[in-house]
Amino acid sequence: MATTTKTIDSLMPNSSSSLSPRLLDHVLSVMWLFLCTSLVSRKPHYIHVFYSFAVSWLVAGILLLLLRRLNKQRNTSSTFHASHRNAVTVQHGIAVIALSISLFVQTSSSPSHCYSILAGYLAFDHWFVALKKLHKPLRRTVQDAVTLTCSVILLANLTTERATSTSSSTTTVTADYQDNAWLVVAAYLVYDLVQHWQSLWLHLEANASPTIKCFDDESIDSATSCNVSAPSPSILADKLLATKDTNGKPVSDSNNNNTWIIHGVAYRLDDYVDKHPGGKEAILLGQSRDCTALFESYHPFSKSHVQVLNKYRVDKNSTLASENDTVPPRDEFYATLAQKVQAKLRCHHIDPMRDRVATTQRTLYYGVVALCVIVCGYAHCKGSIWGSFLFAVFGWLLGALGHDAGHYCVSHVPWINDAGVWAMSLLCNPMLWQHQHTYAHHSHTNDFYKDPDMHHFETLLRVHRRFQRKNIHSWQQHWLYVMFAYMFVVFGTCFYIPWGMLQDGASLYGMVQWTDKSRPLRYFGFVAHVIAYVGIIMVLPYFVHATWLSAWAAVTVHVSTSGLIFAIFSQINHLNEASLDLSEKQDFSSDPKRQKLLAESWAAQQIETSNNFASQSTLWHFLSNGLNYQIEHHLFPGLNHCHLHLIAPVVKETCKEFGVTYKCYDTWSEIMQATLDWLHQLAIEEDAQEAASAIKID
């Protein structure tokens, strides 16, 4: 039991050590209070919003006072614990929601009072949580935020006095709008009332028996083991513990937070950060972590970096490598690849150091796509559904600039790359992208314990055998369900996952440390993107479209289109049986030379876990943002995508020479089908734990 508790605690977010979630609550509270203030200033007859807000605070104060006196009468601690505050919020929520329902029934002909009470209460709830430092589950925070925003939108567009209508047609539209709106609000109020009762029941159970907290704010008995559905119940936890010291910190952080670990050796590069030719952000990405893959893959055509690095070695006799990790030897396969690729580029009069960045033609392409994004973005903001659709399409194409900039290969000027990565803003959070993709995914491709891309879909899709199989995963044998799940990809990367990082305040899935959280400008950029994405993509349409239905359609079209395009061009490059099953089965054939190569060579692992497709097609290269050369991109991420087609034949030839499997599908449909076949297989296949249990029983 002690082992289980330690495992869970090591994976739990340490909210007390970071102020980021609390700061986010304050920011959101101010934002939504500003929305309500703007509404009342435009339509004074909605002063009931502030009445509800003020009365909510009054009732909360009375309940707090009563509970304090009740605690004193019971001789309990004078300290007012957070659990009691949560109880007050729940009890007060029940009272307010019940009042809203009763008032709504009495005023169904004019539901504006009901909307006002709901908006005022939710504004109070956010301020109460922020100022009283309460804990509220992410699910409830998102739900309240969306509901409050929708309430303000409804109030802003609702005309309560039909006599003020200037024409009979306006009156008819307003009446229809009211008739539809009150059904939506009534359904939400009933649902919210059930949620409050459920929360109260869980709170009472928590007081009856000691509990521990697990993922997704689930309360369970402390005498039982925590069944973490993802990422991987106990396997991932044990693996993460293996890379931590006795204080629970990552091994690479245990001696000094200002060290860079390369091939198991510690280096202190603080004095070199401002001198780094690739810019400070590129070198800071490897701080306080093992950055061996970053170091090698971004310096494949030069050896001068090794001489510079030796000057900053902490101790020539020391190593910060874990006992469970082996210091990798020199990758001879990668050295041979780099040598041949360098020669190939020079044959095309391309200097691999000077000309590795975007060409003039590539730069002009960036500019044309950026102009299209601006035009379509303007149409989106003016209330055009077609504008919202094209905003998503060109947002994906602009991602080519963001992707290249994220790998520092748009320009030799560092600040241009730092600014260019924001071109990813319509596809993901740019600040998170650097840690999630540039570092973690490229360093540990398809590693279940280190690649965060393996864990984005666990709610809807099972992409790896180590994930526990759930009932919902049986649906992924149908391609329509897979497409439905893909619609939420960009919503996850732009909002849900970054919000989870802010709530955690420390890491992504417990495997990628958020080293930027102590840098104010980077942190501000992280939060600003979350707020801007929600505001421009999901809230603004409700203020510029004629009806809430068309606004909802615009939001849905944009989010789902972005998600689909992003998924069908990015996920197919790694998620299939040939790329994932290799590391799971460790079936390297009977050739000991090949087995040794795949076990020791980072480059060989990158090739065997990646896939190319339609490599001869200019159209697919354009539509996929160059991701059809995924193998070459993973081997040489610092080489702009416009050069990858030149080196592909050399990479393929070298793979054949060393016995490494180079996978290239002839068409996009073939590689897409391979991904669907893999998901279909996992939909009907029992998970690893079930299989192990069945073997023991037999």
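About the thresholds
- Residues numbered from 1 in each chain as written.
- Predicted model: local features only at pLDDT ≥ 70, side-chain atom pairs only at ≥ 80, totals over all residues.
- Heavy atoms only, no water.
- Helix = DSSP H or I, 4+ residues; strand = E, 2+ residues; numbered from the N terminus.
- Buried < 20%, exposed > 50% of the residue type's maximum accessible area, 1.4 Å probe, protein only.
- Contact = heavy atoms within 4.5 Å.
- Areas by Shrake-Rupley, 256 points an atom, 1.4 Å probe, with all protein chains shown as cover.
- Axes fitted to C-alpha atoms, helices over the stretch in contact; angles between N-to-C directions.
- Parallel < 35°, antiparallel > 145°, perpendicular 65-115°, else oblique.
- Left-handed = near helix turned anticlockwise from the far one by under 90°.
- Expected span 1.5 Å × (residues − 1).
- Arc of directions from axis to C-beta.
- Salt bridge = Lys/Arg side-chain N within 4 Å of Asp/Glu carboxyl O.
- Core = buried A, V, L, I, M, F, W, Y, C linked by side-chain atoms within 4.5 Å.
- Phe/Tyr/Trp six-rings, centres within 6.5 Å; stacked < 30°, edge-to-face > 60°.
- Lys NZ or Arg CZ within 6 Å of the ring centre and 35° of its normal.
- Nonpolar A, V, L, I, M, F, W, Y, C, P; charged D, E, K, R; others polar.
- pLDDT = per-residue confidence, 0-100.
- Polar contact = N/O pair within 3.5 Å; in protein donor to acceptor, adjacent residues only side chain to side chain.

Chemist: Help me understand the overall build of the protein, please; the structure alone is not making it clear to me.
Modeler: The number of helices and strands found in the protein is 29 helices and 8 strands. Relative to its 698 residues, the protein shows a buried fraction of 50%. Contacts in the protein between residues at least 24 apart in sequence constitute 73% of all its contacts with a sequence separation of at least 6. Approximately 32,600 Å² of the protein is accessible, and the part contributed by carbon and sulfur atoms is 61%.

Chemist: Before we go on, may I ask you to explain the packing of helix H13 (residues 360–381) against helix H14 (residues 385–406) in this structure?
Modeler: Geometry of a packed helix pair, given as the angle between the helix axes and the separation of the axes. Between H13 and H14, the least distance of the axes is 8 Å, while the angle of their chain directions is 150°. Taken together, the axis directions place H13 and H14 in an arrangement best described as roughly antiparallel. Every pair of crossing elements has a handedness; the one defined by H13 and H14 is left-handed. Between H13 and H14, the residues in contact are Arg362, Tyr365, Tyr366, Val369, Ala370, Cys372, Val373, Cys376, Gly377, Ala379 and His380 and Gly387, Ser388, Leu390, Phe391, Phe394, Gly395, Leu397, Leu398, Ala400, Leu401 and Asp404, respectively.

Chemist: Sorry if this is basic, but what is going on with the environment of Asn471 here?
Modeler: Here Asn471 lies in the loop between helix H16 (430–443) and helix H17 (479–486). In this structure Asn471 comes out as exposed when scored by relative accessible area, which is 69%.

Chemist: For this particular structure, what's the right way to read H13?
Modeler: The α-helix advances 3.6 residues per turn, and as a result positions three or four apart in sequence lie on the same side. Taking 1.5 Å as the rise per residue, H13 with 22 residues should run 32 Å; its terminal C-alpha atoms sit 32 Å apart, in good agreement. Burial in H13 covers these residues: Arg362, Tyr366, Val369, Val373, Cys376, Gly377 and His380. Along the axis of H13, the buried positions cluster into a sector of 105°, meaning they face one direction only. Of the residues in H13, the exposed ones pointing more than 90 degrees away from the buried face are Thr360, Gln361, Leu364, Val368, Leu371, Ile374, Val375 and Tyr378. Packed against the buried residues of H13 are H14, helix H19 (520–539) and helix H20 (541–544). Directly beyond the C-terminal end of H13, a positive phi value near 100° is found at Gly383.

Chemist: Got a minute to help me understand the pattern of salt bridges in this structure?
Modeler: A side chain of one charge can pair with a side chain of the opposite charge when the charged atoms of the two come close. Applying the stated criterion to the full structure yields 11 salt bridges. When the shortest N-O distance is used, the salt bridge between Asp355 and Arg354 registers 3.4 Å. Arg354 sits in the exposed class, given a relative accessible area of 54%. As a salt-bridge pair, Arg519 and Asp516 come within 3.3 Å of each other at their nearest N and O atoms. Each of Glu281, Asp516, Arg519 and Arg522 takes part in a single network of salt bridges with overlapping partners.

Chemist: Mind showing me how you'd approach the nonpolar core here?
Modeler: Across soluble globular proteins, nonpolar side chains have a tendency to be buried as a group. Within the largest apolar cluster, 60 residues are counted, with the highest numbers of intra-cluster contacts made by Trp396, Leu461, Tyr486, Phe613, Trp668 and Met672. Those residues within four positions of Tyr486 in sequence are excluded, and the remaining contacts are Phe457, Leu461, Gly563, Leu564, Ala567, Ile568, Gln571, Met672, Thr675 and Leu679. With 32 residues, the next largest nonpolar core counts Ile262, Ala440, Leu502 and Tyr523 among its residues.

Chemist: Looking at this structure, I do not really get the packing of aromatic side chains. What am I missing?
Modeler: Aromatic rings in a pair are described by how distant their centres are and how their planes are angled relative to each other. One pass over the structure, following the stated rule, counts 21 aromatic pairs. On the numbers, 6.0 Å between centres and 75° between planes, the contact of Tyr365 with Phe622 is edge-to-face. In this pair, Tyr365 sits in helix H13 while Phe622 sits in helix H25 (residues 618–623), placing the two residues 257 residues apart along the sequence. Ring geometry for Trp386 and Phe389: centres 5.8 Å apart, planes at 85°, overall edge-to-face. With Trp386 and Phe389 both in helix H14 and 3 residues apart, this pair spans about one turn of that helix. For Phe389, a relative accessible area of 29% corresponds to the partly exposed category. Across from the ring centre of Tyr439, 4.2 Å away, lies the NZ or CZ of Arg289, which sits over that ring.

Chemist: How should unusual backbone geometry be read in this particular structure?
Modeler: Apart from glycine, the bulk of residues carry a negative phi angle, and the bulk of peptide bonds sit in the trans form. Although it is not a glycine, His263 sits at a positive phi angle of roughly 55°. Phi at Ser288 takes a positive value of approximately 65°, unusual for a residue other than glycine. Examined against the element boundaries, Ser288 turns out to sit in the loop between helix H9 (280–284) and helix H10 (292–297).

Chemist: Looking at this structure, how should I read the packing of H14 against helix H21 (residues 548–570)?
Modeler: Look at H14 against H21: their axes get within 8 Å of each other, and the N-to-C directions meet at 20°. With respect to H21, the element H14 is oriented roughly parallel. Along this stretch, H14 crosses H21, giving a crossing that reads as right-handed. Contacts between H14 and H21 involve Ile385, Ser388, Phe389, Phe391, Ala392, Val393 and Trp396 on the former and, on the latter, Ser550, Ala553, Ala554, Val557, His558, Thr561, Ser562, Ile565, Phe566 and Phe569. Looking at the contact of H14 with H21, its residues break down into 12 nonpolar, 5 polar and no charged.

Chemist: I'm lost on the environment of Cys409 in this one. Help?
Modeler: Structurally, Cys409 can be placed in the loop between H14 and helix H15 (414–420). By relative accessible area, which is 1% here, Cys409 ends up buried. Sequence separation between Cys409 and Gly638 is 229 residues; the distance between their C-alpha atoms is 5.4 Å. Leaving out residues up to four positions away in the same chain, Cys409 has contacts with Arg356, Val357, Ala358, Asp404, Asn417, Pro637, Gly638, Leu639 and Asn640.

Chemist: Explain the confidence of the model for the protein here, please?
Modeler: Any region with low pLDDT has predicted coordinates that should not be read closely. On average, residues of the protein carry a pLDDT of 75, and 61% of them reach 70 or more. When the criterion is pLDDT under 50, residues 1–20 qualifies, and its contacts beyond four places in sequence or with other chains add up to 24 contacts. Under a pLDDT of 50 for its full length, residues 208–256 has, in the predicted model, 94 contacts with residues more than four places off or in other chains.

Chemist: Please explain the side chain of His464 as it appears in this structure.
Modeler: Within the secondary structure, His464 is located in the loop between H16 and H17. Residue His464 is classed as buried on the basis of its relative accessible area of 3%. A distance of 3.1 Å separates a polar atom in the side chain of His464 from the backbone nitrogen of Arg466.

Chemist: Honestly, the environment of Tyr334 in this entry has me stumped. Any pointers?
Modeler: With respect to the helices and strands, the residue Tyr334 is situated in helix H12 (residues 332–347). Separated by 268 residues in sequence, Tyr334 and Trp602 place their C-alpha atoms 7.9 Å apart. Contact partners of Tyr334, with chain neighbours within four places excluded, come to Glu296, Ser297, Pro300, Trp602, Ala603, Leu635 and Phe636.

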